[in-house]
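Spelled out, the chains give:
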Amino acid sequence: MLMEKRLEACILKAIHKRPVEVPVIAVTGGKGGVGKSTVAVNISEALVQMGYRVALVDADVDAPDDHILLNITLKCPLDVAVTLPVINDEKCTKCRKCVDICRRHALFQPRDGSPILIGECNGCEACILVCPADAIERSKRMVGKTYKNGTNNLTLFTGELIPGVEESSFVVNALKARVFDEAKDSDIIIIDTSPGTHCNVINALKGSCEAFAVTEPTPLGIHDLKRILNLLQVLHIKADVILNRSDLPGVRGQLESVIKAYNTKVSVEIPMDDLLVKSYVEGVPVVRMYPEAESSKRISRLSKEIAAKYIK
Amino acid sequence: MKEIVILSGKGGVGKSTIAASLGTILIEKYKVVLADTDVDAPNLALFFDAVLRESKEISASEKAFIDYEMCTGCQECVDVCKFSSMFSSNNRPIVIPYTCEGCGACTIVCPEGAIEIKKVVNGRVNISDREETLIVSGELDIGESSSGLIVDEVKKTAGTEAERLNADLIITDGPPGIGCPVISSIKGGDYVMAVTEPTPVALNDLKRLVEVVQYFKIPCGIVINKSDLHQKSRIEIEEFSDEHNLILLSEIPYDISVAKSIAKARPVVTAYPDASSSLAIRELADKLIDIINRPD
């Protein structure tokens, strides 16, 4: 359901807080597979061609693919871990307080024994805080990794969730922290978010000056575009639309009314382009492999506009 | 009753398109309930022009609420939050609602007892139908969290509806990715149908998905959509399937009829029953029924 939701001013301020001077642009879009990564990688490459230092951030930690589109192997890994409680049998008084406090029901107390972790712990540490005997120690559970690859003027930061683990949000937060710490010298930061409108997308969007919502002119694309534009409106983040595969058979009228309702505009239309598909499967950005392709020209033009607006 | 869960890792490879067509075909012979657990972008019902029959609010999320009359501004709650969901503004702790997990750590350290964990509405489960087709879909409210718990509710409702209708089959159209809504979608499923396309990116995401599915020990088969897109990647997917003992269920050729049917918001098997993709999906439907009815 779309909402007229208002966030408190101080929460909006926290969402817009940017710990670095560098401008931050997000590439997002409610639906999966509409071309977010392709657009983010190519805008980044186009800006590098113009001589800028670009930090590209792959925040789709479930399915990080920007490195494949750039045909590079991820480097400089840092672990992302959450607390794993370990109960010290000798200190435990079997008071059950930890079992009762755990809202995920992850702890179980066998008869005559100390509690054991049986469920899905999210590392909140409530059990450690409530234990009167100081009997719970902190161990670590790995949930993902962040990576950093530097080539020429393009630095790729990637977050990667370990398959089978649910804690995407920890990985996104760790990635953003690393970027804001290590990308201070860049001229611009481009963030490629995951599909959807959930908390990981919001965490990825935090600190953005502007967000480009990529969509395609199909009923499915437009349905999901509405949701992401709604989210951006709630977060007070300036939104623009990138219409990918613009010549797909679709419903232009519906698209136009959504764009009007959210008071935004289509910044660029990227038509279907065999050269783009060719470069996509080769792992080379189309703006580098086929600079004369129609898609390259359109993306380069948009990148110039972004540079003129945001890079001093 | 069996449940087939359709997943992909990568978004936009054709999960919903194939789910809609499979549903349409199987409903001809079986009693089927369709479930849409892509709660961030629930699109399946669009294909059927289905009428919303019932919508129930779900309070599957819990969050911290601060009573500022009692709060002394000591900030202990801010320091203890592991989810970066509290910050201090003018010496007042503020809860960032969309990332708060409702874990209650802040309630333990608050010396004034000023923080309470309360359930909040974070989405809804919708039941819609059109003729014989019944669709249960979940929808996460904008800016909310705990999508996995909404997925649990969708699956629960789909199960109840399937029992009520004495259905043979639930087809679940899942979300992209491999995170918590995907894990919730997999749980309790009998079979995972992983849809992919022959590109290096889709294969990368497929590998990550298969790791998750095999972790939960659920049998899994592969569908290569737009199979003639890139020959080299197609061979790589076939090799990957062999190595991991995954059945290659179907290769659906690229077909402009699919794009045209999406534009009309119709399953391709309805809009273009004789198209090459429709014929491939019909074969896929037979194969799936065969596999899930096999004794274990």
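Residues numbered from 1 in each chain as written. Chains lettered and ligands numbered in written order. Predicted model: local features only at pLDDT ≥ 70, side-chain atom pairs only at ≥ 80, totals over all residues. Heavy atoms only, no water.

Asker: Could you give an account of the pairing of strand 2 (residues 32-36) of chain B, naming the residues involved and the relevant values?
Answerer: Residue and element names in this part refer to chain B. With 5 of 5 residues buried, strand 2 is to be regarded as a mostly interior element. The two faces of strand 2 match: Val32, Leu34 and Asp36 on one face and Val33 and Ala35 on the other face are all buried. Sheet topology places strand 2 next to strand 10 (residues 169-173); 5 bridges connect them, and they run parallel. Residue Ala35 lies in a different strand from strand 10, and its bridge partner there is Thr172. (Buried < 20%, exposed > 50% of the residue type's maximum accessible area, 1.4 Å probe, protein only. Helix = DSSP H or I, 4+ residues; strand = E, 2+ residues; numbered from the N terminus. Pairing = 2+ DSSP bridges.)

Asker: Now, about the domain arrangement of chain A: what can you tell me, with residues and values included?
Answerer: Residues and elements named next belong to chain A. Examined at the domain level, chain A breaks down into domain 1 (2-80 + 142-310) and domain 2 (83-141). For domain 1 and domain 2, the distance between their C-alpha centres works out to 40 Å. If you look at the interface, domain 1 gives 7 residues, while domain 2 gives 6 residues. Across the domain 1 to domain 2 interface the summed buried area is about 380 Å²; carbon plus sulfur atoms make up 31%. Looking only at domain 1, the three residues that lose the most surface to domain 2 are Met142, Glu166 and Glu167, adding up to 72% of its buried area. In this assembly, domain 1 and domain 2 are joined by 1 salt bridge. We note a salt bridge from Glu167 to Arg141, for which the minimum N-O separation is 2.9 Å. (Domains from an automatic or database assignment. Contact = heavy atoms within 4.5 Å. Buried area = accessible area lost by both parts, 1.4 Å probe. Salt bridge = Lys/Arg side-chain N within 4 Å of Asp/Glu carboxyl O.)

Asker: Account for the sheet that holds strand 9 (residues 210-215) of chain A, with residues named and values stated.
Answerer: Residue and element names in this part refer to chain A. Read from one edge of the open sheet, 9 strands run 3-6-7-2-8-1-9-10-11, paired in mixed fashion. Edge positions in the sheet fall to strand 3 (78-87) and strand 11 (266-270), since each of these pairs with one other strand and no more. Between one strand and the next, the sheet's axes are offset by a mean angle of 20 degrees, whatever the strand orientation. For strand 1 (residues 24-28) and strand 9, the ladder comprises 4 bridges, and the chain directions are parallel. Across the sheet, the residue bridging to Thr28 is Ala213, located in strand 9. Of the strands in this sheet, strand 1, strand 2 (54-58), strand 7 (154-161), strand 8 (188-192), strand 9, strand 10 (238-244) and strand 11 are in contact with helix 2 (residues 36-49), which crosses strand 8 at around 165 degrees. (Axes fitted to C-alpha atoms, helices over the stretch in contact; angles between N-to-C directions.)

Asker: So, the environment of Leu7 of chain A: which residues are in play, and what are the values?
Answerer: Inspection of the secondary structure puts Leu7 of chain A in the segment before helix 1 (9-16). Residues Leu7 of chain A and Leu161 of chain A, 154 residues apart in the sequence, show an inter-C-alpha distance of 29 Å.

Asker: Could you give an account of the pattern of salt bridges, naming the residues involved and the relevant values?
Answerer: A pair can form between side chains of opposite charge whenever their charged atoms are brought close. Enumeration over the complete set of coordinates arrives at 36 salt bridges over all chains. Across the pair Arg288 of chain A and Glu45 of chain A runs a salt bridge whose closest N-O atoms are separated by 3.0 Å. Linking Arg288 of chain A in helix 11 (residues 286-289) with Glu45 of chain A in helix 2, this pair joins segments that are 243 residues apart in sequence. Classification of Glu45 of chain A as buried rests on a relative accessible area of 8%. The partner of Arg130 of chain B in a salt bridge is Asp49 of chain B, with the nearest N and O atoms 3.8 Å apart. You can see Arg130 of chain B sitting in strand 8 (residues 123-130) and its partner Asp49 of chain B sitting in the loop between strand 2 and strand 3 (51-58), a full 81 residues away along the chain. One network of salt bridges, with partners in common, ties together Arg104 and Glu120 of chain A together with Glu101 and Lys187 of chain B.

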